[in-house]
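# What the coordinates show
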Amino acid sequence: MTIWDELKRHQEAVKDRAILSLFAQDRAAEFSARIASDGGEMLLDFSKTNIDADAMALLLSLAGGAGVEARRDAMFAGAKINETEGRAVLHTALRNLSGCVMVDGQDVMPALRATHARMQEFARDVRAGRFTGQGGAITDVVNIGIGGSDLGPVMATLALAPYHDGPAVHYVSNVDGAHIHDVLKGLDPETTLVIIASKTFTTIETMTNAETARRWMAEKVTDPAAQFAAVSTAADKTAAFGIAPSRVFGFEDWVGGRYSMWGPIGLAVMLAVGPEEFDAFLAGGADMDAHFRSAPLAQNLPVLLALVGIWHAQVCGYATRAVLPYDQRLLRLPAYLQQLEMESNGKRVAMDGSDLTIDSGPVVWGEPGTNGQHAFYQLIHQGTRVVPCEFLLAATGHEPDLAHQHRLLIANCLAQSEALLRGRSLDTALQMMAAKGLTGPEQDRQARHRVFPGNRPSTTLAYPRLTPFVLGQIIALYEHRVFVEGVILGINSYDQWGVELGKELALALQPVLEGQADGAGKDGSTRMLVEYMRGR
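Before going into details, it helps to say that this report is about the structure given with it. (Residues numbered from 1 in each chain as written. Predicted model: local features only at pLDDT ≥ 70, side-chain atom pairs only at ≥ 80, totals over all residues. Heavy atoms only, no water.)

## Thoughts on the pairing of strand S14 (residues 389-394)
In terms of residue burial, S14 counts as a mostly covered element, since six of its six residues are buried. Covered by surrounding structure in S14 are Cys389, Phe391 and Leu393 together with Glu390, Leu392 and Ala394, the residues of both alternating faces. Alignment of strand S12 (residues 320-326) against S14, held across five bridges, turns out to be parallel. When the bridges of S14 are listed, tyrosine 326 appears paired with leucine 393. Sheet topology note: the S14/strand S15 (residues 458-463) ladder contains six bridges and is parallel. Paired with cysteine 389 across the strands is serine 458, a residue of S15. (Buried < 20%, exposed > 50% of the residue type's maximum accessible area, 1.4 Å probe, protein only. Helix = DSSP H or I, 4+ residues; strand = E, 2+ residues; numbered from the N terminus. Pairing = 2+ DSSP bridges.)

## Considering the pattern of salt bridges
For the structure shown, the criterion picks out 28 salt bridges. Of the charged contacts, one joins arginine 445 and glutamate 442 as a salt bridge, the two residues approaching to 2.9 Å between their closest N and O atoms. Residue arginine 445 and its partner glutamate 442 are both found in helix H18 (residues 440-448); the two are separated by three residues, about one turn of the helix. Look at arginine 445 and you get partly exposed, because its relative accessible area is 44%. (Salt bridge = Lys/Arg side-chain N within 4 Å of Asp/Glu carboxyl O.)

## Examining helix H16 (residues 403-422)
Compared with an ideal rise of 1.5 Å per residue, which puts 20 residues at 28 Å, H16 spans 28 Å between its outermost C-alpha atoms and is within 8% of the ideal. Looking at H16, one finds that the buried residues are His406, Leu409, Cys413, Gln416, Ser417, Leu420 and Leu421. One side of H16 holds all its buried residues, which, seen down the axis, span an arc of 145°. In H16, the exposed positions that point more than 90 degrees away from the buried face belong to Arg407, Leu408 and Arg422. (Expected span 1.5 Å × (residues − 1). Arc of directions from axis to C-beta.)

## A few points about helix H9 (residues 204-218)
An α-helical turn contains 3.6 residues, so any two residues separated by three or four positions project in the same direction. A rise of 1.5 Å per residue sets the reference length of H9, with its 15 residues, at 21 Å; its end C-alpha atoms lie 21 Å apart and thus fit the reference within 8%. In this structure, the buried side of H9 is in contact with strand S7 (140-144), strand S8 (168-172), helix H8 (177-184), strand S9 (192-197), strand S10 (228-231) and helix H10 (235-241). (Contact = heavy atoms within 4.5 Å.)

## Focus: the side chain of threonine 206
Relative to the helices and strands, threonine 206 is located in helix H9. Those residues in contact with threonine 206, other than ones at most four positions away along the chain, are Ile144, Gly145, Ile146, Ile196, Ala197 and Ser198.

## Digging into the packing of aromatic side chains
What the rule picks out here adds up to 13 aromatic pairs. Note on phenylalanine 278 and phenylalanine 281: the rings are 5.9 Å apart at their centroids and 55° apart in plane angle, and the pair reads as tilted. Placement of the pair is phenylalanine 278 and phenylalanine 281 together in helix H12 (residues 275-294), with a separation of three residues, close to one helical turn. Their ring planes at 40° and their centres at 5.4 Å tell us that phenylalanine 376 and tyrosine 377 sit as a pair that is tilted. (Phe/Tyr/Trp six-rings, centres within 6.5 Å; stacked < 30°, edge-to-face > 60°.)

## With respect to the nonpolar core
Within the largest apolar cluster, 112 residues are counted, with the highest numbers of intra-cluster contacts made by Leu471 and Ile474. A per-element tally of this core places helix H19 (residues 468-489) first, with 13 residues. (Core = buried A, V, L, I, M, F, W, Y, C linked by side-chain atoms within 4.5 Å.)

## Topic: the layout of surface pockets
The space that makes up the largest pocket amounts to roughly 1200 Å³. For the largest pocket, the lining is made up of 41 residues, of which Ile146, Thr203, Val499, Glu500 and Lys503 are closest to its centre. At the level of elements, H9, helix H14 (333-345) and helix H20 (500-513) are the ones that each hand at least two residues to the lining of the largest pocket. Looking at the lining of the largest pocket residue by residue, the classes come out as 16 nonpolar, 15 polar and ten charged. Within this model, the second largest pocket holds a volume of roughly 340 Å³. Ranked by residues supplied to the lining of the second largest pocket, first place goes to H16 with three residues. (1 Å grid on protein atoms, 1.4 Å probe; cavity = no way out; pocket = protein on both sides within 12 Å on 5 of 7 lines; lining within 4 Å. Points joined across faces, edges and corners; volume = space filled by probe spheres on them. Nonpolar A, V, L, I, M, F, W, Y, C, P; charged D, E, K, R; others polar.)

## Looking at the packing of H14 against H19
Between H14 and H19, whose axes approach to 10 Å, the crossing angle comes to 25°. One finds that H14 runs roughly parallel with respect to H19. At the point where H14 passes H19, the crossing takes the right-handed sense. Contact residues: H14 offers Leu333, Tyr336, Leu337, Leu340, Glu341, Ser344 and Asn345, while H19 offers Ile475, Tyr478, Glu479, Arg481, Val482, Glu485 and Gly486. For the contact of H14 with H19, the per-class residue count stands at seven nonpolar, three polar and four charged. (Axes fitted to C-alpha atoms, helices over the stretch in contact; angles between N-to-C directions. Parallel < 35°, antiparallel > 145°, perpendicular 65-115°, else oblique. Left-handed = near helix turned anticlockwise from the far one by under 90°.)

## Quick word on the sheet that holds strand S11 (residues 248-249)
Taken together, five strands build an open sheet; the order of strands is S8-S7-S9-S10-S11 and the sheet is parallel. Across the chains shown, the open sheet's two edge strands, defined by having one partner strand only, are S8 and S11. Against the sheet, H8 engages S7 and S8, with an angle of about 165° to S8.

This is how it looks when you write it as structure tokens:
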């Protein structure tokens, strides 16, 4: 019998057990973990799950048997653990700029440090007004990218709003012309800096938007390219666009897009908050790296978060995972984690190319609290499907004069996790209806609508305050969680072949839509839709 079999058997035996019954003992301390650092203490509470000591022992055995520690050490050492593409996985090096990391016999750290220093110099020049537009100091920055070149920086820029003291930063990703139109319409071309974020400088959505931005700027600016910067490794293409090499910042192929905001992809964030706060963000990520590398598996936050995820998705069979930050500035964290987790672990074959025999990663979704309480929490509390919830919560906010609102926010978050745990019984609901004067069948009918099954699992990640350092810790925590889950599932978390087919078909459809091809070989539905679009 495999460990997977033992886990399934154990889960079957305890699936109807009330999680609340486990709190008869001092469960909270045992089923939680903390990390102390210069940013304060971070707490991961996973006690409101049906994981008991036996389940945790099996899960830890599963991680040990999958070779998580050896795989982790290989990643940090620069081994090519992205086997389908023959690449190292070294986004961690972007946030820990000391030491030596060898890839193909060469220390990659001097080049990383040099690029980081160039980013700092450029950011300081823009923020101090030494680098200007053709109408004066830069007031606005527009970052044009998509996927990993957009979601991370957008999320971090919103999260670090209290630290913004540079130009206003805006983001364009969608090839829908409405996106770039709505972003540019309120800006002054003469004082706007545009960053094109595309490693290859060929991403069709990004380059289409870049050309639109250049035409927009050319209406008022004599040399538009002088107000463009690029995050790209395609020096020939950036030069052809007219961008000076001093404003081009590259990164290596061992930094995947969704893991890239620690380096040049984070340039827009650095422009917003400054090099010092950006470096604090890097330091938070490096702090979580150090914890991940040194803490025993049973006290290791990324490992524990991953094991909870494995228990819920692969053992219990819960198909989705809700990320619920009770922190408005983490508005885009669920969308960021959608890409991080679903692009990384949304696979169907193992490393050797064989079909997976267990489900891969879950569907990740969510919204900030308390907004979600007035939207989809109805399904979470009373729907027929169990949705494991992951709450994130800061002990203090950045607005001392609104501390009473932050206390209300905390109360709501803790109440939601408690409500998911406890639920409300039919007996209690009947008593409530009796107090309203209802009797007989109507009392019973109304009471049943007010029953909460409870026994629904959640975790809470608590931290002192959302600072750049803490944000770095949170993002690195989730990155390593994805890594651990991928290792346990036996998949490659660092390729993304699933994005390719749709892109290829879109390129083939464009000439059909323009009437330059007849669409032969397309299915009937696609032909009908093309005819409809061409007829408008």
